[in-house]
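Tertiary structure, described
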Amino acid sequence: MEALRASVEGARSPKDTGEKAGASDKGRGKKPAVKKHTKASDIGSLRSLTKIELYEKATKAGVKGRSSMTHDQLADALAKGS
């Protein structure tokens, strides 16, 4: 039961625990840099993302007109522009 409790505590987000965002990420390192070039084979992996995830990637990539794009349009724009 203690192991389960510890697991649940470890899985909580910083928002749930009241910690600062970076407090629980110590020692994990930085996130990998976003790729600048997306291979044609990666379009499938882009299509497996949710629209929200694609939108966030498009925001970071500076894709213009992203707010009115569909899921597939976002994936295509990221594949072409990245």
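Everything below is about the structure printed above this text.
For the structure given in this document, a descriptive report is provided here. (Residues numbered from 1 in each chain as written. Predicted model: local features only at pLDDT ≥ 70, side-chain atom pairs only at ≥ 80, totals over all residues. Heavy atoms only, no water.)

Digging into the overall build of the protein
- The number of helices and strands found in the protein is five helices and zero strands.
- When the helices and strands of the protein are listed from N to C terminus, the series reads α-α-α-α-α.
- Within the protein, buried positions represent 13% of all 82 residues.
- Taking the contacts inside the protein whose residues are at least 6 apart along the sequence as the reference set, 37% of them involve residues at least 24 apart.
- By element, 55% of the accessible surface of the protein is carried by carbon and sulfur atoms, the whole surface being about 6800 Å². (Helix = DSSP H or I, 4+ residues; strand = E, 2+ residues; numbered from the N terminus. Buried < 20%, exposed > 50% of the residue type's maximum accessible area, 1.4 Å probe, protein only. Contact = heavy atoms within 4.5 Å. Areas by Shrake-Rupley, 256 points an atom, 1.4 Å probe, with all protein chains shown as cover.)

Remarks on the nonpolar core
- With nine residues, the main nonpolar core is built from Leu 46, Leu 54, Ala 58, Val 63, Met 69, Leu 74, Ala 75, Ala 77 and Leu 78.
- Contributing elements (two or more residues each) for this core: helix 4 (51-61) and helix 5 (71-81).
- For this core, the element with the most residues is helix 5, which contributes four residues.
- Val 63 has contacts with Ala 58, Met 69, Ala 77 and Leu 78, leaving out every residue within four places of it along the chain. (Core = buried A, V, L, I, M, F, W, Y, C linked by side-chain atoms within 4.5 Å.)

Focus on the packing of helix 4 against helix 5
- Where helix 4 contacts helix 5, the axes come no closer than 9 Å and their chain directions differ by 35 degrees. You can see that helix 4 and helix 5 cross each other, and the crossing is left-handed. Residues Lys 51, Leu 54, Tyr 55, Lys 57, Ala 58 and Ala 61 of helix 4 form the contact with helix 5, whose own contacting residues are His 71, Leu 74, Ala 75 and Leu 78.
- Looking at the contact of helix 4 with helix 5 residue by residue, the classes come out as seven nonpolar, one polar and two charged. (Axes fitted to C-alpha atoms, helices over the stretch in contact; angles between N-to-C directions. Left-handed = near helix turned anticlockwise from the far one by under 90°. Nonpolar A, V, L, I, M, F, W, Y, C, P; charged D, E, K, R; others polar.)

Regarding the pattern of salt bridges
- Using the criterion set out here, one finds three salt bridges in the structure.
- A salt bridge links Arg 5 to Glu 2; the shortest N-O distance between them is 2.7 Å. With a gap of three residues between them, Arg 5 and Glu 2 both fall in helix 1 (residues 2-11), about one helical turn apart.
- A residue is classified by how much of its surface remains accessible, and Arg 5, at 45% relative accessible area, is partly exposed.
- Residue Glu 2 is classed as exposed on the basis of its relative accessible area of 56%.
- One salt bridge connects Arg 47 with Asp 72, and the closest N-O pair in it is separated by 3.0 Å. Separated by 25 residues along the polypeptide, Arg 47 in helix 3 (residues 43-47) and Asp 72 in helix 5 bring together distant segments of the chain.
- Given a relative accessible area of 43%, Asp 72 falls into the partly exposed group.
- Shared partners join several salt bridges into a network, and the residues in it are Arg 47, Asp 72 and Asp 76. (Salt bridge = Lys/Arg side-chain N within 4 Å of Asp/Glu carboxyl O.)

Function cannot be inferred from these measures alone, as they are strictly geometric.
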